Amino acid sequence: MPEPGPLNTPTPADLERLAARLGAGRVSTAAATLDRYSRDESTVLEAEPWAVVRPRTAGEVSAVLRWATAGRFAVVPRGAGTGVAGGALAVGGGVVLSVERMNRILEVDEDNLTLTCEPGAITAAVHEAARGRGLFYPPDPASLDACSIGGNVAVGAGGARAVKYGVTRDYLLGAEVVLADGERLALGGKNVKNATGYHLLELLVGSEGTLAVITRLTLRLVPLPARRVTVLAAFPSVGHAVRAVARVIRARIVPAVAEFMDEVTIEAARRYLGRDLPGPEAAAAYALLELDGERADALEADMVRVAEVAEAEGALDVLAGEDPGQQARLWETRRCLGEALRAWSGEIGKADVVVPRSRVPALVDAVKAIGRDHGLLAACFGHAGDGNVHVNLLRVGADRAAWPEIRAAALEAVMDATRALGGLPSGEHGVGVLKRPYLARFLPGRSLALMRGIKQAFDPLGILNPGKVL
Ligand SMILES: Cc1cc2nc3c(=O)[nH]c(=O)nc-3n(C[C@H](O)[C@H](O)[C@H](O)COP(=O)(O)OP(=O)(O)OC[C@H]3O[C@@H](n4cnc5c(N)ncnc54)[C@H](O)[C@@H]3O)c2cc1C
């Protein structure tokens with residue numbers, strides 16, 4: 001088996017050979033293009049690639065990887081570039097291989113309840129195609145209007161509906177990939193069951209472009225729920241909000257969505273939207289729940305029960321939205337949080353940690369204490385239903401010159417607190433470059449060694465997305 005060794009930088013002649021193999025318009029070294037692909041949504045990292053390749057077919061992807069294997073050149077797969085961990089950046093050099101032009105929805109199979117598409121399809125287009133047939137693709141990352149479905153699989157994306165429906169991983173039935181040496185391979189398919197050896201397909205989830213390039217996907221669909229209601233409850237603390245969600249679930253009502261927002265995120269939304277938000281001034285936390293189902297009477301009964309539970313847990317106010325207009329208003333606060341926090345502080349340290357659901361209040365308390373200790377403003381929001389907390393450390397009140405050190409030290413402390421509560425450093429955004437330093441703290445050495453063995457088996461020369469994950 002070949003050994004991973006030093007990688008090479010392609011010469012202009014190497015890049016011309018690749019361009020000649022692929023045909024017109026596939027390979028670009030134009031300064032504006034290199035600049036555009038030197039960033040993702042991590043916002044703190046930049047890396048200019050040697051070239052950007054935008055193939056239209058799996059055959060062309062295969063040609064790129066055969067060229068890269070022959071020359072020992074690094075290749076960085078990229079979907080829509082909305083990743084927040086730096087996974088799609090050519091850190092250390094590389095050719096960015098963007099699948100954005102491979103974006104067709106190929107089939108919705110109503111007999112097998114599957115959808116087959118190319119990896120560059122935008123996630124919202126997958127939702128739309130399923131909905132057009134009365135079917136439902138539940139995973140809903142907040143970036144779904146911009147991110148690609150291949151990127152969702154590669155990162156293991158989650159979303160608000162994870163509590164009832166699960167995450168991207170739970171909907172992957174089959175894929176076609178191109179391996180590092182250019183060979184094309186089909187994994188899984190339309191079979192619902194598969195007990196046939198090691199589940200290589202599952203290894204793609206969270207592989208972040210380090211094992212293979214995904215060129216086609218088959219996803220599981222479910223029937224589209226006929227009805228939906230939204231409930232927003234205002235509470236005096238995050239602890240109250242999270243306990244209310246736990247009690248709703250104990251009452252055997254599994255909401256499709258169960259989000260929480262703390263008082264800093266509520267204040268950020270208030271400033272951003274420029275008006276009062278639902279609920280009383282004293283609200284220091286929100287729980288936002290969505291219930292879905294088939295029968296109006298059953299949904300109504302669940303909604304009443306949720307309101308009772310929320311009130312019993314100390315809710316200051318409970319609002320329900322049954323029509324799309326009311327629902328959009330209740331969701332507005334949650335949907336604007338990314339922009340609202342950025343508008344408040346241009347510099348933010350972010351973490352996407354996950355802890356057992358019952359430990360969310362303890363984690364939020366720990367993060368607030370870390371904010372006080374480091375003289376910054378800590379905001380927490382996220383998925384009360386699954387324990388995934390988006391920590392945002394805002395440079396409000398902290399010294400600008402010292403910010404990089406303050407941010408790094410505070411993020412370290414957040415990771416320590418997460419570990420102490422039995423959590424993990426990423427719930428849904430992946431490892432990429434930014435979370436790689438924390439991996440050894442959370443995973444046993446033997447796990448990391450096994451992962452390195454898997455990487456070596458898939459990509460012996462180490463040309464696929466070097467420096468990511470491991
Ligand atoms: C405002 C905002 C909200 C977000 N909300 C959520 C959320 O709710 N939940 C969530 O999980 N994430 C969220 N994200 C993060 C991001 O959108 C997801 O990680 C998404 O899955 C990335 O998809 P992408 O197509 O942009 O991938 P990219 O950023 O292009 O790539 C991400 C990684 O996947 C690899 N990759 C991409 N395509 C392929 C392929 N075809 N084959 C092999 N590897 C590939 C890349 O090499 C890279 O390592 C959010 C981001 C933003 C900016």
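Residues numbered from 1 in each chain as written. Predicted model: local features only at pLDDT ≥ 70, side-chain atom pairs only at ≥ 80, totals over all residues. Heavy atoms only, no water.

Description of the sheet that holds strand β4 (residues 95-98)
Here four strands make up an open sheet; going across it, the order is β1-β2-β4-β3 and the pairing mixed. The two strands at the open ends of the sheet, each matched to only one other strand, are β1 (27-28) and β3 (75-78). The strands that helix α3 (residues 58-71) touches are β2 (51-53), β3 and β4; relative to β4, the one it contacts most, it runs at about 165°. (Pairing = 2+ DSSP bridges. Helix = DSSP H or I, 4+ residues; strand = E, 2+ residues; numbered from the N terminus. Contact = heavy atoms within 4.5 Å. Axes fitted to C-alpha atoms, helices over the stretch in contact; angles between N-to-C directions.)

A look at the packing of helix α13 (residues 360-373) against helix α14 (residues 403-420)
Viewed as axis vectors pointing N to C, α13 and α14 meet at an angle of 155°, and their least axial separation amounts to 10 Å. Classed by the angle they form, the pair α13 and α14 counts as roughly antiparallel. Considering only the axes of α13 and α14, their crossing is right-handed. Residue-level contacts link Leu-363, Ala-366, Val-367 and Ile-370 of α13 to Ala-410, Ala-413, Val-414, Ala-417 and Thr-418 of α14. (Parallel < 35°, antiparallel > 145°, perpendicular 65-115°, else oblique. Left-handed = near helix turned anticlockwise from the far one by under 90°.)

Re a nonpolar patch on the surface
Taken together, the side chains of Tyr-198, Leu-200 and Leu-203 present a nonpolar region at the surface, about 340 Å² in accessible area. Checked against the element boundaries, Leu-203 lands in helix α7 (residues 200-204). (Patch = residues over 30% accessible without salt bridge, like charges linked within 9 Å, V, L, I, M, F, W, Y side chains within 5 Å. Areas by Shrake-Rupley, 256 points an atom, 1.4 Å probe, with all protein chains shown as cover. Salt bridge = Lys/Arg side-chain N within 4 Å of Asp/Glu carboxyl O.)

Some points on the site of the ligand
Among the 32 residues in the neighbourhood of the ligand, the closest are listed as Pro-77, Gly-79, Thr-82, Ser-143 and Ser-148. Within the side chain of Ser-143, one N or O atom sits 2.6 Å away from an oxygen atom of the ligand. Contact between the ligand and Glu-428: a nitrogen atom at 3.2 Å from a side-chain N or O atom of the residue. When the ligand sits alone it has 980 Å² of accessible area, and the protein chains cover 91% of it. Mapped onto the shell around the ligand, the elements with two or more residues apiece are β3, α5 (149-155) and β10 (213-220). (Near = heavy atom within 4 Å. Polar contact = N/O pair within 3.5 Å; in protein donor to acceptor, adjacent residues only side chain to side chain.)

Geometry only, nothing functional implied.
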